[in-house]
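Topology and contacts: notes
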Amino acid sequence: MILILKPNTPTESPEYKQLLAHLANLSGITTRVHTEVGIEQTLTEIHLIGNTKALSTDDMKILPCVEQVVRISEEYRILGRHINDERPSHFDYNGIRFGQDTLNIFAGLCAVDTLEHAELTMRALRDHGQFCTRMGAYKPRTSPYSFQGHGKNCLPYVFDLAGKYNIKVIAMEVTHESHVEEIREALYQTGNATGVMLQIGTRNTQNFELLKIVGRQQDFPVLLKRGFGITLDESLNAAEYLASEGNRRVVFGLRGMKTNMGDPHRNIVDFAHVPVVKRLTRMPVCIDPSHAIGMRTGSPDGLLDIMHATAQGIIAGANMVLVDFHPVPSKALVDGPQALLLKELPLFLEDVRIAREAYEKRVEMAKHYQEAG
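Residues numbered from 1 in each chain as written. Predicted model: local features only at pLDDT ≥ 70, side-chain atom pairs only at ≥ 80, totals over all residues. Heavy atoms only, no water.

1. Re the overall build of the protein chain
Of regular secondary structure, the protein chain possesses 11 helices and 15 strands. Against the compact-globule benchmark of 21 Å for 373 residues, the protein chain has a radius of gyration of 22 Å, which places it among compact chains. On the principal axes, the C-alpha backbone points of the protein chain span a range of 65 × 55 × 35 Å. Of all 373 residues assigned to the protein chain, the portion counted as buried reaches 51%. Put simply, the protein chain shows about 17300 Å² of open surface, and 52% of that area lies on carbon and sulfur atoms. Between the mean site of the 40 positive side-chain charges and the mean site of the 44 negative ones, the protein chain shows a separation of 2 Å. (Helix = DSSP H or I, 4+ residues; strand = E, 2+ residues; numbered from the N terminus. Rg over C-alpha atoms; globule rule 2.2 N^0.38 Å. Buried < 20%, exposed > 50% of the residue type's maximum accessible area, 1.4 Å probe, protein only. Areas by Shrake-Rupley, 256 points an atom, 1.4 Å probe, with all protein chains shown as cover. Lys, Arg positive; Asp, Glu negative; His and termini not counted. Charge placed at Lys NZ, Arg CZ, Asp CG, Glu CD.)

Put into structure tokens, the structure is as follows:
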């Protein structure tokens, strides 16, 4: 059970202390307090943990400071959708809204290789009205001899360039708790020129200690990619690890499942799960067509397979797209064969616009049908 308190409830108020005292006397129930400080107001939730079936929601509603009571199911307790659950399915970060009704494009370098390539990419994004990008600094690789990313050495110039070209949020994978501190320090040194969405890659979806550490920090939102060889339920529970530690600003990423049943693509595309994740949880859903397809090949209709996969995810309601672009894919140190060309960016964005418009028309059609009875 979750008690949602009235906005801006002061923790030092007598009413708040009275509420906590009452909850402390409930037999077999422990509490966990989560507070989220927004631009306009502070929201506090108190999670009641234990056998809450005997607790009346009506009795809970009349307690001091309580505005709403949500009785949760066993699955995805914090991030899941529950009966009479009116909690928001969006969050704001550095001027960008991430929600189940928004769409943000994160086009960029899978791995930062040179300052020049990073600048060319961000300039192209700026010129086409984009405010987000992907820039990998830490890259877990299958082979220990493959390029592992420039790490903290590239952070200062990446963040400086982001400020120069008005990039608001950079998706950046982390594989160790030290990376979070390195990103935080580099942002501080560059005057917080941009924002960062920490990315947990598919290999670390069940690295529970990393999930706990990233979940405990409140500075950065998190993009959690689905594990490539585990069930959807297992991956959604990984997202719960983040939220259970305090960080519920989580985006769930679909990036394809590892199986040769998807050949010749790199992975079998799992974007049909976009509406499933949105139905089960309140998380925005990201798709990664580059890692799903894994190659820059086209169809007889003139469209690239990556663009077709992107459109499939967007028409299904995706809220974020993580896609590889590179000024010179042949010189990319990571995943060059799947990177799109910067000159293809306007075509890609227009195709995204068309797909998004089709999704919105489908939603409007469904609403009219439901209203008609």
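From this point, things continue past the structure.
2. Focus on the nonpolar core
One finds F159, M172, I183 and F348 to be the most contacted residues of the largest nonpolar core, which totals 87 residues. With 6 residues, helix α7 (residues 232–244) is the largest single contributor of residues to this core. When near neighbours in sequence (up to four residues on either side) are disregarded, F348 contacts I105, M307, T310, V321, V323, F325 and L340. (Core = buried A, V, L, I, M, F, W, Y, C linked by side-chain atoms within 4.5 Å. Contact = heavy atoms within 4.5 Å.)

3. Points about the pattern of salt bridges
Where charged atoms of side chains with opposite charge meet at close range, the side chains can pair. Per the stated rule, a full pass over the model turns up 20 salt bridges. Put simply, R134, K225, D288 and D324 are held in one network by salt bridges that share partners. (Salt bridge = Lys/Arg side-chain N within 4 Å of Asp/Glu carboxyl O.)

4. A few points about the packing of helix α3 (residues 115–127) against helix α4 (residues 155–164)
Packing of α3 against α4 leaves a shortest axis separation of 10 Å and a crossing angle of 25°. Taken as axis vectors, α3 and α4 run roughly parallel relative to one another. The crossing of α3 and α4 is right-handed. Here α3 contributes L115, A118, E119 and M122 to the contact with α4, which in turn contributes Y157, V158, L161, A162 and K164. Per-class residue counts for the contact of α3 with α4 are 7 nonpolar, no polar and 2 charged. (Axes fitted to C-alpha atoms, helices over the stretch in contact; angles between N-to-C directions. Parallel < 35°, antiparallel > 145°, perpendicular 65-115°, else oblique. Left-handed = near helix turned anticlockwise from the far one by under 90°. Nonpolar A, V, L, I, M, F, W, Y, C, P; charged D, E, K, R; others polar.)

5. Overview of unusual backbone geometry
Cis geometry is adopted by the peptide bond preceding P264, which originates at D263 and carries an omega value of 10°. Tracing the backbone through its elements, the reader meets P264 in the loop between β12 (250–254) and α8 (274–280). Positive phi values are uncommon outside glycine, yet N8 reaches one of about 60°. Tracing the sequence through the fold places N8 in the loop between β1 (2–5) and α1 (14–24). Notably, N166 is not glycine yet its phi reads approximately 60°, a positive angle. For N166, a relative accessible area of 35% gives the class partly exposed.

6. Details of the pairing of strand β11 (residues 222–225)
With burial as the criterion, each face of β11 is covered, one bearing V222 and L224 and the other bearing L223 and K225. Relative to β11, strand β10 (residues 195–200) runs parallel, the two being bridged by 3 bridges. Across the sheet, L198 pairs through a bridge with V222, a residue of β11. Viewed along the sheet, the connection from β10 through helix α6 (residues 208–216) into β11 turns out right-handed. Summarising the sheet, β11 and β12 pair through 4 bridges and their orientation is parallel. Residue pairing for β12: L224 is matched across the bridge by F252. In this region the chain leaves β11, passes through α7 and returns to the parallel neighbour β12; the handedness of that crossover is right-handed. (Pairing = 2+ DSSP bridges. Right-handed = clockwise from strand over helix to strand, strands pointing away.)

7. Things to note about helix α5 (residues 177–189)
Here α5 spans 19 Å end to end across 13 residues, near enough to the 18 Å set by a 1.5 Å rise per residue. Buried within α5 are the following residues: H179, V180, I183, A186 and L187. For α5, the arc enclosing every buried residue in end-on projection is 135°, short of the 170-degree limit, so these residues lie on one face. Every exposed residue of α5 that faces more than 90 degrees away from the buried side is listed here: Y188 and Q189. On its buried face, α5 sits against α4, β9 (169–173), β10 and α6. (Expected span 1.5 Å × (residues − 1). Arc of directions from axis to C-beta.)

8. A word on the sheet that holds β1
Taken in spatial order, the 4 strands line up as β2-β3-β1-β4 in an open sheet, and their pairing is antiparallel. Each edge of the open sheet carries a strand with a single partner, namely β2 (29–37) and β4 (66–70). Across the sheet, the mean angle from the axis of one strand to that of its neighbour is 20°, orientation sign disregarded. Direction of pairing for β1 relative to β4: antiparallel, over a ladder of 4 bridges. Paired with L5 across the strands is V66, a residue of β4.

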